[in-house]
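Geometric and topological summary
Each chain, letter by letter, is given below.
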Amino acid sequence: MTTTTKEEQFLAQAISLATDNVHNSGGPFGALIVAPDGRSFDGVNRVTANNDPTAHAEVMAIRNACASLETFDLSGCTLYTSCEPCPLCLSAALWARVGSVVFAADRHDAAQAGFDDAVFYNFFATPVEERAMPVRQYVLTAAAPTTSTAPFDAWSTLTARVDY
């Protein structure tokens, strides 16, 4: 992939955010969401600083962009990140409808520094019945006070809903 000067600048900024964050009680990850009009919204990893396992740099950048742009749809935006997004961050980017992702270091570089996401990639590649953390459906009985699909039934009939 050929990079442009702007892409290099945005990646350099994400890397700088990550490096500075290391010296501010955070993890070595930084990210930027860049909107089509050029506005950018940054995020850094605050997992240990905030005791929040979802406070990854990419997620924080997405949160900042969505709050500032007053939308949950980041179509047309680009996510620049200091490292290849983990499954959590990639999922967040997909939910936010980010247009594209550009990263610097990859998952192997992160693993060498002690951030090995292989367990997460392996989890999704493992058959459901063999996964380390059981995730299972429990179907409510007819005697239950409600049905499993009650929230979806309510959603489907709500005329003022905002689809996403």
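Structure shown above.
It should be emphasised that the depicted structure is a prediction, and the values quoted were computed from it without experimental measurement.

So, how was this worked out
- Residues numbered from 1 in each chain as written.
- Predicted model: local features only at pLDDT ≥ 70, side-chain atom pairs only at ≥ 80, totals over all residues.
- Heavy atoms only, no water.
- Helix = DSSP H or I, 4+ residues; strand = E, 2+ residues; numbered from the N terminus.
- Buried < 20%, exposed > 50% of the residue type's maximum accessible area, 1.4 Å probe, protein only.
- Lys, Arg positive; Asp, Glu negative; His and termini not counted.
- Salt bridge = Lys/Arg side-chain N within 4 Å of Asp/Glu carboxyl O.
- Phe/Tyr/Trp six-rings, centres within 6.5 Å; stacked < 30°, edge-to-face > 60°.
- Lys NZ or Arg CZ within 6 Å of the ring centre and 35° of its normal.
- Pairing = 2+ DSSP bridges.
- Axes fitted to C-alpha atoms, helices over the stretch in contact; angles between N-to-C directions.
- Contact = heavy atoms within 4.5 Å.

Examining the side chain of Arg-46
Topologically, Arg-46 is positioned in the loop between β2 (40-44) and α2 (47-50). No salt bridge is formed by the buried Arg-46; the nearest opposite charge belongs to Asp-52, separated by 9.9 Å.

Notes on the environment of Gly-38
Locating Gly-38 in the fold gives a position in the loop between β1 (30-34) and β2. Its relative accessible area of 44% is what places Gly-38 among the partly exposed residues.

Some points on the packing of aromatic side chains
Summed over all chains, the structure comprises six aromatic pairs. Through successive ring pairs, a cluster of aromatic residues spans Phe-72, Trp-95, Trp-155 and Tyr-164. Just above the ring of Tyr-121 sits the side chain of Arg-107; from NZ or CZ to the centre is 3.9 Å. It is Arg-131 that lies over the ring of Phe-123; its NZ or CZ is 4.7 Å from the centre.

Notes on the sheet that holds strand β3 (residues 78-83)
With mixed pairing, the four strands of this open sheet are ordered in space as β2-β1-β3-β4. Two strands bound the open sheet, and with one partner strand each, they are β2 and β4 (100-105). Each strand axis lies, on average, 15° off the axis of its neighbour in the sheet, ignoring direction. Where β1 and β2 come together, five bridges link them in antiparallel fashion. Considered in β2, the bridge of Ile-33 is made with Phe-41. Where helix α1 (residues 5-22) meets the sheet, it contacts β1, β2, β3 and β4, and its direction lies at approximately 140° from that of β1.

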